[in-house]
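Structural description and commentary
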Amino acid sequence: MPTGFNTEEKPRGRPEGPRARHPCAQGTAPPEAGGLRRHLGFWHLAMIGIGATLGTGIFVVLGEAVPTAGPAVILAFVLAGLTALFSALAYAEMAGMIPASGSAYSYSYATMGEFMAWVCGWCLMLTYGVSVAAIGVGWGQYINEFLYLTAGLTLPQEFLAGPMEGGLVNVPAAVVVLLAMFALLAGVRESTRANAVMVVIKVAILVMFVAIAVTAVQDGNFAPFMPMGMAGVSAAGATLFFSYIGFDSVSTASEEAKNPQRDLPRAIMFSLILVTALYCLVAFTAVGAVEWTRFSDGETTLAGILTVVTGTPVWAVVFAGGAVISLASVVLVVLYSQTRILYAMSRDGLIPGIFSKVDAKGTPRANTLITSVFVAVLAALVPLGPLADATSIGTLFAFALVNVAVLVLRRTRPELPRTFRVPGAPVTPLLGVLACAYLVLSMSASVWVAFGTWLVLGLVIYFAYGMRRSALEDDAVAEIRA
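Each chain has its residues counted from 1, following the order in which its sequence is written. Residues qualify for local features only when their pLDDT is at least 70, as the model is predicted, and side-chain atom pairs are given and counted only at 80 or more; totals for whole chains, interfaces and linings, by contrast, use all residues. The basis for every side-chain value is the complete set of non-hydrogen atoms in the structure, without hydrogens or water.

A word on the overall build of the chain
- Put simply, DSSP H or I for four residues or longer makes a helix, DSSP E for two residues or longer makes a strand, and each gets a number counted from the N terminus. A tally of helices and strands in the chain yields 19 helices and zero strands.
- Counting over 482 residues, the chain shows a buried share of 58%.
- Across the chain, every contact between residues at least 6 apart in sequence was considered, and the portion connecting residues at least 24 apart equals 83%.
- Only carbon and sulfur atoms are counted for the fraction: they give 67% of the accessible area of the chain, which is about 18100 Å². When a residue's accessible area, from a 1.4 Å probe over protein chains only, is under 20% of the maximum for its type it is buried; when over 50% it is exposed; and in between it is partly exposed. Two residues form a contact once any of their heavy atoms are found within 4.5 Å. With residues, only the protein chains shown are counted as cover, and all accessible areas are computed by Shrake-Rupley using a 1.4 Å probe.

Right, dumping it as structure tokens:
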């Protein structure tokens, strides 16, 4: 099994341009000295994938997806999971070849150049930053429910929602982001250990839910199965898709993995398969145990289902407490991924250099502080629904580019060693692109307007700052002048 991307001697002569000389284009991570440290093995990487993926989609957003799709929300999870699977296969091939932080941003740089890399990185900023904020909002809902079930207390409404929902500021959402920030500042080794513990708790409480809820499943609760038609399934799948961004988080840890070519593809596929199976099982038992019309838009649902099924709040308390821990792990891992995307872009000169400065532990401290404070403010002020939709469209766009990157490298560099190959290429990557496009087209016009505005803002920043300060472009200009 090959362990490198390209071992052939590079021809001497005139450089091929900035993209060709980028470390990612050569299939090698930038040197470790002065940068990130390699601490992570396969299980660390797998826990990152599960920790980032298994969270808000099932704990919170299920309550918004069921009214849209009805019992067919199960198909919505399958649709989102299949779309994610196509992209996960592409990620596995690219991660095995290009072991560099930056995930889809780095892959786009290696295959399509700096401009498309910027667009992809800009979409990932939306995906990760907004995703953390959305998860923080869901965490606040479970904190409130846990307090109510255990002590009969609830937080004041003005501190549970931002001004767009009639409140002042969502305090719990901001608090969980800041707690994740402190964990990341302690170092990647310490934060991955904490994440692993939280992942075990998360899987355990979901298995507990399935075991209890399946005893109350009734055939009648699945009828009508598809009350909103396929349009409802597609819309729900598009909303739920942001739940699957976790395997991208695995690839952002490339430069902190001990053996990225071997472990990254395995961790990506393992985490996606496990999470998709759990999502479908939980969705099936949830809508089978309770009539879909009783699901309340935007509220936590699984803890309430346990109370309905068992007739006692005891299991709901256990579940709500576990959900608080579980969602905190998602915040931790997704925030980690956001900082590594910014680290890669900063190292290339596309955003200010402060985002790529690391301390003695190999932690991008200033990057983590700036990103965390910004996301905490976003989580405190913006409601969950718009955040989830905005995250999905950014994720789908980035995933489509990774599928395209596989096709480009298969054509331009077929000789390069690959530790994992997408089966059925080029058909499978093309299906990945089409699946992403299908879900994107299922989104509302307001989401498209928000996404278009974000892209325009990104282009302005790129042409005004990134393009002029690109480290690789500066190198190319210096070589030409010499």
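Once you've had a look at it, read on.
Side note on the confidence of the model for the chain
- In this model, the chain carries an average pLDDT of 80, and 86% of its residues clear a pLDDT of 70 or more.
- Scored below 50 in pLDDT, residues 1-21 makes 40 contacts in the model with residues more than four places away or belonging to other chains.
- Per-residue confidence from the prediction method is given by pLDDT, with values spanning 0 to 100. Across residues 473-482 the pLDDT falls below 50, and counting only partners more than four positions away or on other chains, this stretch makes 11 contacts in the model.

With respect to the packing of helix α6 (residues 104-112) against helix α7 (residues 114-151)
- Working convention: axes come from line fits to C-alpha atoms, limited for helices to the stretch in contact. Angles between N-to-C directions cover 0 to 180 degrees. The interhelical angle for the contact between α6 and α7, taken along N-to-C directions, is 165°, at an axis separation of 7 Å. Regarding the angle of α6 to α7, the classification is roughly antiparallel. Judged by the twist between their axes, the crossing of α6 over α7 is right-handed. On α7, the residues that touch Ala104, Tyr105, Ser108, Tyr109 and Met112 of α6 are Glu114, Met116, Ala117, Trp118, Cys120, Gly121 and Leu124.
- Gly counts as polar in this scheme, as do all residues outside two lists: the nonpolar Ala, Val, Leu, Ile, Met, Phe, Trp, Tyr, Cys and Pro, and the charged Asp, Glu, Lys and Arg. Of the residues in the contact of α6 with α7, the class split is nine nonpolar, two polar and one charged. Note on terminology: angles under 35 degrees are roughly parallel, angles over 145 are roughly antiparallel, angles of 65 to 115 are roughly perpendicular, and the others are oblique. The handedness criterion is simple: a crossing whose near helix is rotated anticlockwise from the far helix by less than a right angle is left-handed, and one whose near helix is rotated clockwise is right-handed.

A closer look at the environment of Ile98
- Its place among the elements puts Ile98 in the loop between α5 (73-97) and α6.
- Judged by relative accessible area, which is 0%, Ile98 ranks as buried.
- Separated by 320 residues in the primary sequence, Ile98 and Arg418 have C-alpha atoms spaced 9.6 Å apart.

Notes on helix α15 (residues 365-381)
- Here α15 contains 17 residues, and its C-alpha end-to-end distance of 25 Å stays within 8% of the 24 Å for a straight helix at 1.5 Å per residue.
- Every buried residue of α15 is accounted for by Asn367, Thr368, Thr371, Ser372, Val375, Ala376, Ala379 and Ala380.
- Here the buried face of α15 lies against α7, α8 (171-185) and α14 (314-347). A helix is expected to span 1.5 Å for every residue after the first.

Here we look at unusual backbone geometry
- Following Ala223, the chain continues into Pro224 via a peptide bond in cis, with omega recorded as -10°.
- Looking at the secondary structure, you find Pro224 in the loop between α9 (188-213) and α10 (229-240).
- Note the cis peptide between Ala425 and Pro426, where omega equals 5°.
- Checked against the element boundaries, Pro426 lands in the loop between α16 (384-412) and α17 (427-441).

Regarding helix α12 (residues 260-289)
- When the terminal C-alpha atoms of α12 are compared, their 42 Å separation across 30 residues agrees well with the 44 Å that a helix rising 1.5 Å per residue should span.
- Counting buried positions over the 30 residues of α12 gives 22, a clear majority of the element.

Quick notes on the pattern of salt bridges
- Any Lys or Arg side-chain nitrogen found within 4 Å of a carboxyl oxygen on Asp or Glu counts as a salt bridge. Overall, the coordinates contain five salt bridges when judged by the stated rule.
- The partner of Arg266 in a salt bridge is Asp263, and the shortest N-O contact between them spans 3.3 Å. Here Arg266 pairs with Asp263, and both are found in helix α12, just three residues apart, close to one helical turn.
- For Arg266, a relative accessible area of 42% translates into the label partly exposed.
- Overall, Asp263 belongs to the buried group, its relative accessible area being 1%.

What about the environment of Ala133?
- Structurally, Ala133 is set in helix α7.
- Residue class for Ala133 comes out buried when judged on its relative accessible area of 0%.
- When the C-alpha positions of Ala133 and Ala380 are compared, they lie 7.8 Å apart, and in sequence the two are 247 residues distant.

Some details on the side chain of Asn170
- Mapped onto the elements of the fold, Asn170 is located in the loop between α7 and α8.
- Polar contacts, as used here, are pairs of N or O atoms within 3.5 Å; protein pairs need one atom able to donate a hydrogen and one able to accept it. Residues neighboring in sequence count only if both atoms are side-chain atoms. Of the polar contacts made by the side chain of Asn170, one reaches the backbone oxygen of Leu160; its length is 3.1 Å.
- For Asn170, the residues in contact, after removing those within four places along its chain, are Val137, Phe159, Leu160, Ala161, Gly162, Ala379 and Ala380.

Structural notes on the packing of aromatic side chains
- To pair, rings of Phe, Tyr and Trp, with the six-membered ring standing in for Trp, must have centres within 6.5 Å; the planes then decide the type, stacked if under 30 degrees apart, edge-to-face if over 60, and tilted in the middle. One pass over the full model with this rule turns up 17 aromatic pairs.
- Measuring from ring centre to ring centre gives 5.9 Å for Tyr105 and Tyr109, while their planes differ by 85°; the resulting arrangement is edge-to-face. Pair noted here: Tyr105 and Tyr109 are both in helix α6, with a separation of four residues, about one helical turn. Like Tyr105, the residue Tyr109 is buried in the burial classification.
- Feature note: the residues Phe115, Trp118, Trp122, Trp454, Tyr462 and Phe463 constitute an aromatic cluster, connected by ring pairs.
- Our definition puts a charge over a ring when NZ of Lys or CZ of Arg is within 6 Å of the ring centre and also within 35 degrees of the ring normal. Sitting over the ring of Phe42, Arg266 keeps its end group 4.5 Å from the ring centre.

Here's the deal with the state of the cysteines
- Any two cysteine sulfur atoms lying within 2.5 Å of each other are counted as a disulfide. Scanning all chains against the criterion turns up zero disulfides.
- Here Cys120 is not cross-linked by a disulfide; its sulfur's nearest cysteine counterpart is in Cys123, at 6.6 Å.

Observations regarding the environment of Ala110
- Tracing the backbone shows Ala110 in helix α6.
- Relative accessible area serves as the criterion here: at 12%, Ala110 is assigned to the buried category.
- Sequence-wise, Ala110 and Ala405 are 295 residues apart; in three dimensions their C-alpha atoms are separated by 8.2 Å.

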